[in-house]
Amino acid sequence: MILARGVTMLLVWAILVMGLARAYAGEKAALTAGCAAGLVAGTIFGFFLFAAVPGEIPFFIIKSALAAAFISLFIVAAIVWYRGTAAEGDRPSVRHAVVAITVFLFAAGYGLLLVCRLPYGTDNSQFMALLLILLAMLGLWMIVYRLEPLLPNIGMAKGGTSLFAVSLLLFIASLSPRLDLFSPLSMKVMKLIHDFVHQFFESMLIPDHPFFRTDIWNYIGLLFSNGVGFWGGLAIWFIPTTGVTLATFREPLPSVAHVRQAAVRRKLIAAQLRERRRRLFFPLFAGLVMAAAAFNSSHPSVEYWDPKPLAVKADSAGEIVLPVKDGDVDLKDGKLHKYLYQKGAQKVRFFALYRSGELTVVLDACSICQPDGYGQNEGTVICYYCKTLIPLETVGKPGGCNPIPVPFAVDGSGVHLSAEMLVNTWVAQVQSEKKLPGGGK
Amino acid sequence: MSRRRWFFHVVIRSLAHRKGGTLLLVTVLAMASSLVTSLGIVSFSMEKKVAEEIRRYGANLVIVADSAGVEVGSGGMNFGRVAESAYLDQGQVQRALLQEPAAGRDLSFHLRGALKLWGDTVAVDGVVFPQIRRLSPWWRIQGTWPDANGALIGSDLALRRSIKPGDALSLSGPAGGMVVRVTGIVSTGGEADRLVFLDLLALQKALGLQGQLTAVKILAAATGEDLRRLAGNLQKLLGGAQVKEVRQVAATSESLLKKVQLLMLLVAAVVVTACGASVAATMSSSVLERGREIGLIKAMGASRRAVLLLFTAESVLLGIIGGVAGYGAGYAIALLVTKTVFATAAEFLPAFFPAAVVVSCFLALVGSTGPLIAVYRLDPVRSLRGE
Amino acid sequence: MPVESGTCIIETAGLTKRYGDICALAPLDLQVSEGEWLTVMGHSGSGKSTLLNLLGGLDRPTAGRLLVGGEDLLAFSEDHLARFRREAVGIIFQQHHLIPYLTALENVMMAQYFHSVPDQAEARQALERVGLGKRLANRPGELSGGEQQRVCIARAIINSPKLLLGDELTGNLDHKSTRLVMELLKELHEEEHFTLVLVTHNQEVAGWGGRTLFMDDGKLVKDLRHERKGDDPS
């Protein structure tokens, strides 16, 4: 597990360095120095951050930085788009300092993410980090000074460097649900559409609107489906890549009018076309990386603790009793325990969890998402539907995407719940596919 | 003219030049992909319909009269009905249910029949409204649930006859007539959309079938083995009736569906193979014919890759045209088949469009693999000499 | 004026081509200077077409050395050879091979496409230059033999090759068309300074060049330098 993570990280580093080496082929010294310094600085800053600030805050800071990088891609794409169509000026020659600072930033970002990917808190994380950095340095030197001449000669598109580097950073982030940007993005998009449609149709007094047939609801329902957020998020996700790719594609070619002989002129044009097509490689590659990141985010490889729900029955008084200790099962082991209660066709999933020194019982659903349930991982539970991470301490508190709490009592024989109350709470509070906003009234 | 545009220009010119061959290939490819599309759409929409009907079937047990014959298939999709109507005795059923408390209270009585509405026959279902309301909580009612003097009308029927909540319907049966007021329109997406729901007693009177039922639907709390035991017990108590688990009903239509699908798959495989072979034959002869042209192109300095690209593009273009045509034809065939054979409309499944195009392109490419290798290897000197 | 610069464009040593047991070309040593107009004469089967195919990079020799423009064709890979064909040589065939589904203009543009990028204006100019300005949009089937051959010439010179090869290019033409084509070639030869190698069995055609090789049974029989016809307009 740790080994696989390390190898993935080193692989990403290798790709990053190869791309940067292609982008700044003539600036080997600045490139190497910037990369090395950035990597070390990023890692040290990462350790400092985790040591100085407790809880989820470091993740929040890093995630914000990533978001800022992602947003800056839009600016890059806009500039490239605008400049690309303008007449071809001389490309400003890149200075050493600029190269060094740019690669420093990318490498520092990588270093920060590297720290996040380490099993922080265990004793050997510093050692691991050191080992990875040493390997990364070795790789850096190998690639820049040995491998570089062997790499195919692909030009870098304008804006392609930052696109490429940031997409790789986003890819690393997508490997860990705490840093992932794509899921929150698609969630935001969905909320926005949700609110908009809700407001809009609410004001039109649907469902009893005279002009709308019931069928219309099926179409309006589409706007609330899981797909909208996903596809909308995907569209935004790919805007920078698409922008840079298209800008490269429509980049005007240098003039060849001064060449007298037609065949030679044509050959020049063909060579330039080939060259421009090659420049598309990095933006397209970045697009591929972004797609991989989006895929990772919707198929998290993290193993969640998600036991099969245990079927429970109510006794004659309509009470469900969960013994605290029952054979292998120990409710107080800090893991979530899922249960299923069925009355007729109505199924109710709920789980019990021991955290912060006490037991809590909640439904396996929240009141804002589809009831896809929760899984547990490293001090949090995750809502499978919206991929929101909920710290264990707040499980049992109502609101947002927190699992819906239910009243219960604990005594010596175990946890006591009312079956009727469970069913009522589920029916009243959990979203279902049939329950469209407005339509359920 | 850009290289890309020129490339497509040449490909299209070449295809347009050989009108007969192109048409033949497109027809063959379209045939294959239309077959795959139509079979896919038919089997997919049937599967979806069956699944939907089963899902919408809230009850898990159903009691029908012994000789009534089970409708094969369910709801809107009838494969056929075997015997004439027969009836259950309501009193007998109620006594049996009292002896078997595990059946629970969630059940509904049904009497299916036909009444005349303004001169036309409409299918009606006599029910006890509170029962069916409890059993089918997913029904979407526009209006309100009726009392014993009211009626619910299915959304399809309402649309066709332009009946609105509040309208009075004058219905007449063999034993008498009635006037009921429609209080709501029900839409379920299933069979209920084409029915008028009346109060059971009123319908029994109108049809002259006092104390008779066609079916009882039960939603028992039991599942699996318990449900089977319950069904067996009820069966013993009800001599002249059949007690079926809904799963069984579903299994009948599902197994029939599976067989039909297998048959379709076989036919599709045979046709696709045959089409592939004929594509290969046509393509080879076309390449043979064009040997001199290929030699010329090579002599002009085209790399082998460029020539291959040109010919692959021709195949792919043929494949795409064939696929598009095939999807259209296939959808039409599917509509026809589902309408005539299964008496239901085919689903509109745009997902089969890429499938049709992929099948067609795949066939075109596989069929032209051999010829393409020949093109790649072709020696310009020999082919120019006309060997 | 014959352009005779000192550099060799074609240089062969012991060039041999065998098809199985048949020796199509006996070891041949040949030097052709840049800008020369060379005619190769002989009966059919004398190996002259084989020589042309070797020079044009269409075929590979069995043995020997073959330098064209200083480059050793034997060392070329298949793709490199294709590049040589599209960039360094232009070939005019006996049966004026044209692509049947493309117009005259498009046939010329096809050569541009394989070479680099198609350029319609340039292709039109080339056709106007060979006197086909009014037949641009006609398919080969709608053109006469002489016109088709002129399209072939336009196509062969469109990429400014160093070497132009013609294989019996007047074989299917009547006397008048032959004369027209030859005059056109002469004009182009003077303007474009390419090296021209024509294979023919027509004595009259040979007269247009400044040097004639006579071949028989794959062997070089005679290498003759002579006065060029057309220098004195008749």
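Read on for a plain summary of the structure. Source: prediction; values computed, not measured. (Residues numbered from 1 in each chain as written. Chains lettered and ligands numbered in written order. Predicted model: local features only at pLDDT ≥ 70, side-chain atom pairs only at ≥ 80, totals over all residues.)

## Topic: the packing of helix α10 (residues 239-249) of chain A against helix α12 (residues 281-298) of chain A
The relative placement of two packed helices is expressed as an angle between their axes plus a distance between the axes. All names here are of chain A. Their axes nearest at 9 Å, the elements α10 and α12 cross at an angle of 165°. By the angle between their directions, the pair α10 and α12 is classed as roughly antiparallel. Crossing of α10 over α12 shows left-handed handedness. Residues Thr241, Val244, Thr245 and Thr248 of α10 pack against Pro283, Leu284, Ala286, Gly287 and Met290 of α12. Residues of the contact of α10 with α12, tallied by class, amount to five nonpolar, four polar and no charged. (Axes fitted to C-alpha atoms, helices over the stretch in contact; angles between N-to-C directions. Helix = DSSP H or I, 4+ residues; strand = E, 2+ residues; numbered from the N terminus. Parallel < 35°, antiparallel > 145°, perpendicular 65-115°, else oblique. Left-handed = near helix turned anticlockwise from the far one by under 90°. Contact = placed C-beta atoms within 7 Å. Nonpolar A, V, L, I, M, F, W, Y, C, P; charged D, E, K, R; others polar.)

## Points about helix α6 (residues 200-207) of chain B
Residues and elements named next belong to chain B. Considered for burial, the residues of α6 that qualify are Leu200, Leu203, Gln204, Ala206 and Leu207. Taken around the axis of α6, the buried residues stretch over an arc of 165°, which confines them to a single face. Phi turns positive, to about 70°, at glycine 208, one or two residues after α6. (Buried ≥ 20, exposed ≤ 12 C-beta atoms within 10 Å, placed from the backbone. Arc of directions from axis to C-beta.)

## What about the sheet that holds strand β10 (residues 219-225) of chain C?
All names here are of chain C. Reading across the sheet, the six strands line up as β6-β7-β8-β3-β9-β10 and stay open at both edges, with mixed pairing between neighbours. A single partner strand is all that each edge strand has here, and the edge strands are β6 (89-92) and β10. Strand-to-strand twist of the sheet, defined as the mean angle between neighbouring strand axes without regard to direction, takes the value 15°. Looking at chain direction, β6 and strand β7 (residues 163-167) are connected through four bridges and run parallel. Across the sheet, isoleucine 91 pairs through a bridge with leucine 165, a residue of β7. Packed onto the sheet, helix α5 (residues 145-157) meets β6 and β7 and runs at close to 170° relative to β6. (Pairing = 2+ DSSP bridges.)

## Quick notes on the sheet that holds strand β2 (residues 319-322) of chain A
Residues and elements named next belong to chain A. Read from one edge of the open sheet, three strands run β2-β12-β11, paired in antiparallel fashion. Because the sheet does not close on itself, it has two edges, and the strands there are β2 and β11 (409-411). The sheet shows a mean angle of 25° between the axes of neighbouring strands, direction not considered. Note that β2 and strand β12 (residues 414-418) share four bridges and pair antiparallel. Within the sheet, the bridge partner assigned to leucine 322 lies in β12 and is valine 415. Here helix α13 (residues 419-429) sits on the sheet and contacts β2 and β12; the angle it forms with β12, its principal contact strand, is near 60°.

## Considering the environment of lysine 298 of chain B
All names here are of chain B. Mapped onto the secondary structure, lysine 298 falls in helix α9 (residues 291-299). Sequence separation between lysine 298 and proline 380 is 82 residues, and the spatial gap between their C-alpha atoms is 6.0 Å. Excluding anything up to four places from it in sequence, lysine 298 contacts Val307, Leu378 and Pro380.

## Quick notes on helix α3 (residues 90-99) of chain B
Residues and elements named next belong to chain B. Taken as a whole, α3 has its buried residues at Val93, Ala96 and Leu97. For α3, the angular spread of the buried residues around the axis is 100°, confining them to a single face. Of the exposed residues in α3, the ones pointing more than 90 degrees away from its buried face are Gly91, Leu98 and Gln99.

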